[in-house]
Amino acid sequence: MRDRLTKAVAACMIVLGLTAATAPSQAAETIKVGVLHSLSGTMAISETTLKDVMLMLIEDQNAKGGVLGKKLEPVVVDPASNWPLFAEKARELMQKDKVAAVFGCWTSVSRKSVLPVFEELNGLLFYPVQYEGEESSKNVFYTGAAPNQQAIPAVDYLMSADGGAATRWVLLGTDYVYPRTTNKILRAYLHAKGVADADIMENYTPFGHSDWQTIVAEVKKFASAGKKTAVVSTINGDANVPFYKELGNQGIKADEIPVVAFSVGEEELAGLDTAPLVGHLAAWNYFMSVETPENTAFIKKWRAFIKNAKRVTNDPMEAHFIGFNMWVQAVEQAGTTDVDAVRQAMYGQKVKNLTGGTAVMNTNHHLSKPVLIGEIQPNGQFDIVWRTKDVVPGDAWSDFIPESKKLTADWTFPWVCGNCESPRFGKAVPAGL
């Protein structure tokens with residue numbers, strides 16, 4: 001009788017969207033939210049701001065009454081740009097601190113490090129930075145750009161007459177998964193556009209690399225072949241500071257050899273002398289210079305929170321803004337912080353982005369977002385020179401890699417498929433059921 005009663009109670013908890021692991025958190029006085037960003041090491045230049053914006057968003061939500069009638073409690077940890085430590089801190093957040101969700105990571109290697117932990121413990125990670133795609137997990141919502149929302153449009157722009165009609169390409173990246181996979185996709189895309197390998201130069205450097213003199217000289221030599229050359233940069237972290245300084249030292253000007261960056265925004269430029277860099281480009285889904293009421297209000301709130309009228313905003317901050325507000329809406333809709341219930345409630349969530357449109361969460365755990373390309377200005381801001389007419393749905397799997405083209409990502413209940421052949425090809429093998 002006791003066993004039957006226990007099973008009946010467990011069944012009722014499942015129906016109500018509760019589990020043994022989540023029931024105590026529902027009874028807690030606060031709802032804990034994990035913040036997993038490097039506050040020291042090579043990535044602190046980019047990630048510290050994301051910790052700060054999460055604290056602002058949580059404070060703002062608490063001023064509105066919290067979530068489900070409870071205050072949100074941030075739990076901040078510092079994985080210190082140490083990729084294995086990211087996994088340890090993620091496990092600590094979920095097992096020890098019992099957080100309802102985690103907002104964090106920057107590099108793909110840090111995301112890859114924590115992914116098995118989130119899948120093992122059925123946690124929920126909101127990842128706010130552009131990445132290489134080629135991944136689909138029911139435990140991650142990818143609120144940054146996929147390659148089709150950043151890298152591919154940037155190359156298209158540079159190939160166009162407005163972008164300089166480049167025909168020769170330099171792919172510079174930090175030596176880890178995001179740059180290498182993104183450049184694998186870009187090389188395949190360039191091949192599809194008729195670009196030969198002889199017109200593609202590819203180079204990788206370690207995190208924190210500081211001596212760029214030889215590499216920049218090689219870029220100049222490669223560009224001297226008489227063809228319009230463009231540089232696509234997936235250099236990450238504080239290595240960007242000496243890289244851009246060396247561009248200036250060697251007199252590389254944007255009208256001669258334009259550089260488009262995928263990991264350089266307003267925050268990174270704040271530490272640079274931008275005068276020699278004017279005209280070089282970045283591709284993102286948001287720029288601080290966008291003039292909309294939503295963005296004006298966000299900047300004002302950010303500067304008041306950080307108590308600095310000169311602090312800038314950037315794309316990953318907007319990604320956290322969108323992801324956090326979608327999570328709040330999903331929790332309220334589900335009536336619980338249970339991960340499975342919140343995941344289902346996330347699909348179709350809409351939040352006004354800061355660029356004047358609406359972000360939508362799709363069932364492949366990627367957002368529909370606009371794509372913008374901006375030119376660096378002397379004041380460290382970006383003048384937007386091109387943008388898509390509408391939002392672009394993010395692709396988890398690239399159409400330009402043969403083994404990925406047939407894959408789909410759709411985590412809609414009861415269909416659960418993150419790494420299987422697409423139904424459009426006549427065969428579907430649900431994974432994870």
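Within any chain, residue numbers begin from 1 and follow the written order of that chain's sequence. Thresholds applied to this predicted model are a pLDDT of at least 70 for local features of residues and 80 or more for the giving and counting of side-chain atom pairs; totals over whole chains, interfaces and linings are not thresholded and use all residues. Calculated side-chain values reflect all of the structure's heavy atoms, with hydrogen atoms and water omitted.

- Under an unreviewed UniProt entry, the name given to the chain is Branched-chain amino acid transport protein (ABC superfamily, peri_bind), and the source organism is Candidatus Defluviicoccus seviourii.

## Details of the confidence of the model for the chain
No. 1: A residue's pLDDT is the confidence the predictor assigns to it, expressed on a 0 to 100 scale. Counting all residues, the mean pLDDT for the chain is 90, and 89% of those residues have values of 70 or more.
No. 2: When the criterion is pLDDT under 50, residues 1–26 qualifies, and its contacts beyond four places in sequence or with other chains add up to 20 contacts.
No. 3: In this description, contact between two residues means that some pair of their heavy atoms is separated by no more than 4.5 Å. In the predicted structure, residues 422–433 sits below a pLDDT of 50 and forms 22 contacts with residues beyond four places in sequence or in another chain.

## Brief notes about the sheet that holds strand β5 (residues 140–142)
No. 1: Spatial strand order, β2-β1-β3-β4-β5: 5 strands in an open sheet with parallel pairing. With one partner strand each, in any of the chains shown, β2 (71–77) and β5 form the two edges of the open sheet. Neighbouring strand axes in the sheet, compared pairwise and without regard to direction, differ in orientation by 25 degrees on average.
No. 2: Where strand β1 (residues 30–36) and β2 come together, 7 bridges link them in parallel fashion. Bridge assignment links Lys32 to a residue of β2, and that residue is Glu73.
No. 3: Where helix α3 (residues 44–63) meets the sheet, its contacts fall on β1, β2 and β3 (101–104), and the angle it forms with β2 comes to roughly 165 degrees. Two strands make a pair as long as DSSP finds a minimum of two bridges between them. Working definition: helices are DSSP H or I runs of at least four residues, strands are E runs of at least two. Numbering for both runs from the N terminus. Between N-to-C directions, angles span 0 to 180 degrees; the directions come from axes that are lines fitted to C-alpha atoms, helices contributing only their stretch in contact.

## Some words on unusual backbone geometry
No. 1: Although it is not a glycine, Ser81 adopts a positive phi angle of roughly 60 degrees.
No. 2: Of note, Lys307 is a non-glycine position whose phi angle comes to about 60 degrees, a positive value.
No. 3: The exposure class of Lys307 is exposed, given its relative accessible area of 74%. Summary of the burial criterion: residues with accessible area below 20% of their type's maximum are buried, those above 50% are exposed, and those between are partly exposed, where the area comes from a 1.4 Å probe applied to protein chains only.

## A look at the nonpolar core
No. 1: For our purposes a nonpolar core is just a set of buried Ala, Val, Leu, Ile, Met, Phe, Trp, Tyr and Cys residues, chained together by side-chain atoms within 4.5 Å. Formed by 69 residues in total, the largest nonpolar core has its most connected members in Leu36, Phe324 and Trp327.
No. 2: The contacts of Leu36, once residues within four sequence positions are left out, are Glu47, Val77, Pro79, Phe86, Lys89, Ala90, Leu93, Val102, Phe103, Gly104, Cys105 and Val114.
No. 3: Residues Val231, Leu247, Val259 and Ile376 belong to the second largest nonpolar core, which totals 30 residues.

## Describing the side chain of Thr388
No. 1: For Thr388, the location among the structural elements is in the loop between β15 (382–387) and β16 (392–393).
No. 2: Side-chain atoms alone can form a polar contact between residues adjacent in sequence; in general such a contact is a pair of N or O atoms within 3.5 Å, and within protein one must be able to donate a hydrogen while the other accepts it. A polar contact of 2.8 Å, which involves the side chain of Thr388, links it to the backbone oxygen of Asp390.

## Regarding the side chain of Arg168
No. 1: By the secondary structure assignment, Arg168 is in strand β6 (residues 168–174).
No. 2: By relative accessible area, which is 13% here, Arg168 ends up buried.
No. 3: Within the local environment of Arg168, its side chain forms a polar contact with the side chain of Asp199, the two groups lying 2.8 Å apart.
No. 4: Contact partners of Arg168, with chain neighbours within four places excluded, come to Ala198, Asp199, Phe222, Ala225, Lys227, Lys228, Thr229 and Ala230.

## Overview of the environment of Pro378
No. 1: Turning to its location among the elements, Pro378 is positioned in the loop between β14 (372–376) and β15.
No. 2: Distance in space between the C-alpha atoms of Pro378 and Leu277 is 7.9 Å, their sequence separation being 101 residues.
No. 3: Apart from residues lying up to four places away in sequence, Pro378 is in contact with Thr274 and Val278.

## Side note on the packing of aromatic side chains
No. 1: A pair of Phe, Tyr and Trp rings is counted when the ring centres sit within 6.5 Å of each other, with Trp represented by its six-membered ring. The angle between the planes then sorts it: under 30 degrees is stacked, over 60 is edge-to-face, the rest tilted. Overall, the coordinates contain 17 aromatic pairs when judged by the stated rule.
No. 2: Both rings, one in Trp83 and one in Phe207, keep their centres 5.2 Å apart while their planes meet at 50 degrees; by these two values the pair is tilted. Within this pair, whereas Trp83 is found in helix α4 (residues 83–96), its partner Phe207 is found in the loop between β7 (200–205) and α8 (213–222), the two being separated by 124 residues in sequence.
No. 3: Note on Trp83: relative accessible area 17%, which makes it buried.

## Concerning helix α11 (residues 293–306)
No. 1: The span one expects for a helix is its residue count, reduced by one, times 1.5 Å. Between its first and last C-alpha, α11 extends 20 Å over 14 residues, near the 20 Å set by a 1.5 Å rise per residue.
No. 2: All of the buried residues in α11 are Asn295, Phe298, Ile299, Trp302 and Ile306. Taken down its axis, α11 places every buried residue within 100 degrees of arc, on the same side. The outward face of α11, more than 90 degrees from its buried face, is lined by the exposed residues Pro293, Thr296, Lys300 and Ala304.
No. 3: Buried residues along α11 sit in contact with α3 and α12 (315–334).
No. 4: Downstream of α11 by one or two residues, Lys307 has phi in the positive range, about 60 degrees. In this context, the arc is that of the directions from the helix axis out to the C-beta atoms.

## What to know about the packing of helix α6 (residues 151–159) against helix α7 (residues 177–192)
No. 1: Where α6 meets α7, the closest approach of the two axes is 10 Å, and the angle between their N-to-C directions is 40 degrees. Accordingly, the angle class assigned to the pair α6 and α7 is oblique. Between α6 and α7 lies a crossing whose hand is right-handed. For the pair α6 and α7, the contacting residues are Ala151, Ile152, Val155, Asp156 and Met159 in the first and Thr182, Ile185, Leu186, Tyr189 and Leu190 in the second.
No. 2: When its residues are assigned to classes, the contact of α6 with α7 shows 8 nonpolar, 1 polar and 1 charged. Here is the rule for angles: anything less than 35 degrees is roughly parallel, anything more than 145 is roughly antiparallel, 65 through 115 is roughly perpendicular, and the remaining ranges are oblique. Here a crossing is taken to be left-handed if its near helix is turned anticlockwise relative to the far helix by less than a right angle, and right-handed if that turn runs clockwise. Any residue that is not Ala, Val, Leu, Ile, Met, Phe, Trp, Tyr, Cys, Pro, Asp, Glu, Lys or Arg is counted as polar, Gly included; the first ten are nonpolar and the last four charged.

## Describing the environment of Gly279
No. 1: Inspection of the secondary structure puts Gly279 in the loop between α10 (266–269) and β10 (281–284).
No. 2: A residue is classified by how much of its surface remains accessible, and Gly279, at 16% relative accessible area, is buried.
No. 3: If we ignore the near neighbours within four places in the chain, the residues touching Gly279 are Ala254, Glu375 and Ile376.

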